[in-house]
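Architecture and fold: a report
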Amino acid sequence: MENILEMRNIVKTFGKFIANDDINLEIRKGEIHALLGENGAGKSTLMNILYGLYRPDSGTILINGKKVEIREPRDAIALNIGMVHQHFMLVQPFTVAENLILGVEPVKGLALDIKKAVKQIQEVSEEYGLEVDPSAVVANISVGMQQRVEILKILLRRANIMIFDEPTGTLTPQEIQDFFKICKTLQACGQTIIIITHKLKEIKQISDRVTVIRAGKNIGTVETSEVTEQKLAEMMVGRKVILQTEREEQQAREVMLEMENVHAKNSRGMPALRGLSLQVHGGEIVGIAGVEGNGQTELALVLKKLIPFTEGTIRYKGKPYTKNVSTQELIDNGVAHIPEDRQKMGLVLEFSGKENLVLGMEDWKQFCKGPFVDYKALDAFGEKMREQYDIRCKSVNMAAGEFSGGNQQKIILAREISRNPSLLIVCQPTRGLDVGAIEYVHKQILEQRRLGCAILLISYELDEIMSLSDRILTIYNGEIVASYKNGEVSSEQIGLAMTGFRQKAAEGQQ
Amino acid sequence: MEKRETSKSEMWGKLLDRFVNPIISIIFALAFGAVLIVVIGNDLGAAYSALILGAFGNLTAFSETLLAATPLMFTAMAFSVAYRGGMFNIGAEGQFYAGAIMGAWAGNAITGLPPALHISLVVLAGATGGALLGFIAAYLKARRGVHEVITCIMLNYIAINVTNYLVSTNGPLRGGSTLPATQMIQETAKLPNLLPPTRLTGGFMIAIVCAAVLYIFLWKTRVGYKIRAVGLNPIAAEYGGIKSLKYAIITMALAGALAGIGGAVEISGVLNRFYGNFSSGYGFDGIAVGMLANNHPIGLLLSALLFGALKTGATAMQIQAGTNAELVKVLQAFIIFLIACKWTLSKFIERVQEKRQAGKQNHFNKAKEREEA
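In this text the structure is predicted, and so the values were computed from the model without any measurement.

Another aspect to go through is the packing of helix 4 (residues 92–109) of chain B against helix 5 (residues 115–144) of chain B. Residue and element names in this part refer to chain B. In the contact formed by helix 4 and helix 5, the axes pass within 7 Å of each other and the chain directions differ by 145°. In the crossing of helix 4 with helix 5, the sense of the turn from one axis to the other is right-handed. Contact residues: Gly94, Gln95, Ala98, Gly99, Ala100, Ile101, Met102, Gly103, Trp105, Ala106 and Gly107 in helix 4; Leu121, Val122, Ala125, Gly126, Ala127, Thr128, Gly129, Gly130, Leu132, Leu133 and Gly134 in helix 5. Looking at side-chain class alone, the contact of helix 4 with helix 5 contains 12 nonpolar, 10 polar and no charged residues.

A low pLDDT score tells you not to read the predicted coordinates there in detail. Residue and element names in this part refer to chain B. Of all residues in chain B, 87% have pLDDT values of 70 or greater, and the mean over the chain is 87. By mean pLDDT, helix 14 (residues 345–372) is the weakest element of chain B at 62, and helix 8 (residues 222–232) is the strongest at 96. Within the model, the stretch residues 1–6 combines pLDDT values under 50 with 13 contacts to residues more than four positions away or in other chains. Across the interface, the model reports ipTM at 0.81; the global pTM reads 0.77.

Moving on to the environment of valine 289 of chain B. Residue and element names in this part refer to chain B. The residue valine 289 is located in helix 11 (residues 282–292) in this model. Note: C-alpha distance between valine 289 and alanine 253 (36 residues apart in sequence) is 20 Å. Apart from the residues lying within four places of it in its own chain, the contact partners of valine 289 are Leu72, Ala76, Leu300, Ser303, Ala304 and Phe307.

Looking now at helix 9 (residues 296–303) of chain A. All names here are of chain A. Within helix 9, 8 of the 8 residues are buried, which leaves it mostly tucked inside the rest of the structure. Three or more residues of helix 9 are buried, namely Gln296, Thr297, Glu298, Leu299, Ala300, Leu301, Val302 and Leu303. A positive phi of about 55° marks lysine 305, the residue just after helix 9.

Contacts between chain B and chain A engage 24 residues on the former and 34 residues on the latter. Mapped onto the side of chain B that touches chain A, the elements with two or more residues apiece are helix 8, helix 9 (234–239) and helix 14 of chain B. Sort the elements by how many residues they give to the side of chain B that touches chain A and helix 8 of chain B lands first, with 6 residues. Its residues placed into classes, the side of chain B that touches chain A shows 9 nonpolar, 7 polar and 8 charged.

Residue and element names in this part refer to chain A. The buried fraction of strand 3 (residues 32–36) is high, at 5 of 5 residues. Inspection of the sheet shows strand 3 paired to strand 10 (residues 192–197) by 5 bridges, in the parallel sense. The partner of histidine 33 across the bridge, within strand 10, is isoleucine 194. Here 4 bridges tie strand 3 to strand 11 (residues 209–214), and the two strands are oriented parallel to one another. Along strand 11, the bridge assignment pairs leucine 35 with threonine 211.

What follows covers the sheet that holds strand 16 (residues 311–316) of chain A. Residue and element names in this part refer to chain A. Within the open sheet, the 4 strands sit side by side as 14-13-16-17. Their pairing is antiparallel. Unpaired on one side and paired on the other, strand 14 (271–281) and strand 17 (319–320) mark the two borders of the sheet. Note that strand 13 (residues 255–265) and strand 14 share 8 bridges and pair antiparallel. Residue pairing in the sheet places valine 262 in a bridge with leucine 276 of strand 14.

Thresholds, definitions, all that
- Residues numbered from 1 in each chain as written.
- Chains lettered and ligands numbered in written order.
- Predicted model: local features only at pLDDT ≥ 70, side-chain atom pairs only at ≥ 80, totals over all residues.
- Axes fitted to C-alpha atoms, helices over the stretch in contact; angles between N-to-C directions.
- Helix = DSSP H or I, 4+ residues; strand = E, 2+ residues; numbered from the N terminus.
- Left-handed = near helix turned anticlockwise from the far one by under 90°.
- Contact = placed C-beta atoms within 7 Å.
- Nonpolar A, V, L, I, M, F, W, Y, C, P; charged D, E, K, R; others polar.
- pLDDT = per-residue confidence, 0-100.
- Buried ≥ 20, exposed ≤ 12 C-beta atoms within 10 Å, placed from the backbone.
- Pairing = 2+ DSSP bridges.

This is the structure in structure tokens:
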């Protein structure tokens, strides 16, 4: 089988940072090829070069054996290369048809020939089995459907090399399976597909070969059938990695958090929590599964009393939240929170690492001397946290903005966990982190569980929820619609519940 | 990918940003001013030497420079502390007036006190007047979400017009002179003259003390920590239990107090009575002074000194070299413009380095192509 695409000796630097370090890549015609690597490894950069969004410092690209110059996306499109980005590039108020013809509008004289456009769309749609409604407004269709529109978009421009950048990040489990079916169909029609991802399970499921990129270098290309997830993880990180966190069986203790029929509004004044009820016991991890936008953000906010709740009760350690309870009071009483956006919500980036370590605790006796901040105590605390939580940096006096994502998350972990909380609310704890950092964060969460902390885990990664939780609740439209014991349910069932399908609770009323 | 640690060049970059950047802006402004002077047809050497000597040439000149700088130190602090707390205090002018009228009143109405106590009360009265205005602006923001810029601008007008009314003909605080002014303050309320025959009083020392206290307050106390956190990331601050609106109020009240002290000190040290409309825009100049110093309490002392020097030197420049004193306003504007543009030496160097890199790569690519052909 010949190579449809070859990238040779690609070097790309951004200032002093080497994103692609003399990378060679060979893609066979008609294969589904996965590009695996941690965040920042250089895989997206490599594909952006292929698509003409970046120009390499040096190196050559060959398509079907012929050398080509790709200076901008237009050149790539002319070479039948198409790219579907992680964050879709669709105009929300436009219809599907309007989005599909953007840039290649068929015209009749001066007017837009919509009829011709719809005909073209239908032809390609049928050829590849991708059903879409051309007159639907993009803002109103599902994420899975939007992805189909993006795929159709590049097919309409005659792509035969298709690049997908993290295609499954925003999809439900069912939509992910649909996507894989589409890939197989596309392959059968002669398409060559490159998938950029960091999801090992999915690579095993869909790809023919995998190339692992680490620190800007091509570590190796392997046949997917001949390699295990464990081996892929090791190649990706460069050392042995524990993939499956060991969660011991443990007796849950008394109820730490009780929410009954809680109603709350979101920042736009629309109802976000509509009668949400749940319970979390000490020593238990309750995972909240759901598609983004179903109230998870407001759930965390209302538990920290950052937004008010209009109805219902919240009981912590048996005592109800009063109308005026402040966030500081909750922090002082053992409520800890790992926010979903560590830079926007969890850190003051211009403050040093150690100043961030006491955010929320600056009034605590051990950190102040009268009205002054006790910087000596802060220094000692900073050093202790650096050691205990393996925060890698030149010094904790560095501005937090200079720490890597994983170490920033460690600062937040150190801050929240070192207070021995009784309730830990964790939101998207491993977003944007590499496998090594994910391993560490999961270990810390499980350790808190072992110590008896009640943990509420809100995550959009179903794998993470299924790996860590004792019980799994699905949230839909601001309510808990299903409840399962982990181990007694499949990811498909959870995926179904995430779309709102109600089921009888696995064990009584929550 | 681990972020690389702060390299040496990045530390140099920070140093450049904080010190060299302002200095470069000043130099460029002076250069631009020089061009203007030559275009007008004046003698550049005479003009600039008059400017510098007029500001620093002898003891009298230097004392005038300090006196001109003092109110700017206070209004710059008023702007900078608010900025650190995430707010834009354009109301220092009104706060300055409020402090001045309160200081003039306390200086006159209270009798029989030893000077140290009387002056302290005058300063306190000034702080209260300014703080009140700052508080109103922040309270409206906290309760009603009104942007502080709008309320501060309105409060400026209110302060100027109310104080004008107070010293108008038949106004309650009119001092009976032919000018719209209060009565003279008591002798005990006057800041003592430090260096006769100059006009120099200890006002600038009060400013220095305030700046030092402000520095300690912002960087060493718990409240200062919270204020800075709110200023840098109000969301993360809220998540950390800090009520950002509460601290916004504290910050603005403090800012107003500082401007108010400035007003009172100006009355106590220089004018000895409140004249209607006496401010030449101290509140607004304070913004420029603060920004030039990157809103740092100690840095703004030097920045105020520079602006004070320009003011004093301008008069000398006009008298001795015939160059219009308004040129100094042009210089000030240009300094502000350059700061706002962040015309930094470091960015310039970066750009040159990038071009050199690109040039090298081009050469390398062309060489490779020649090889492969």
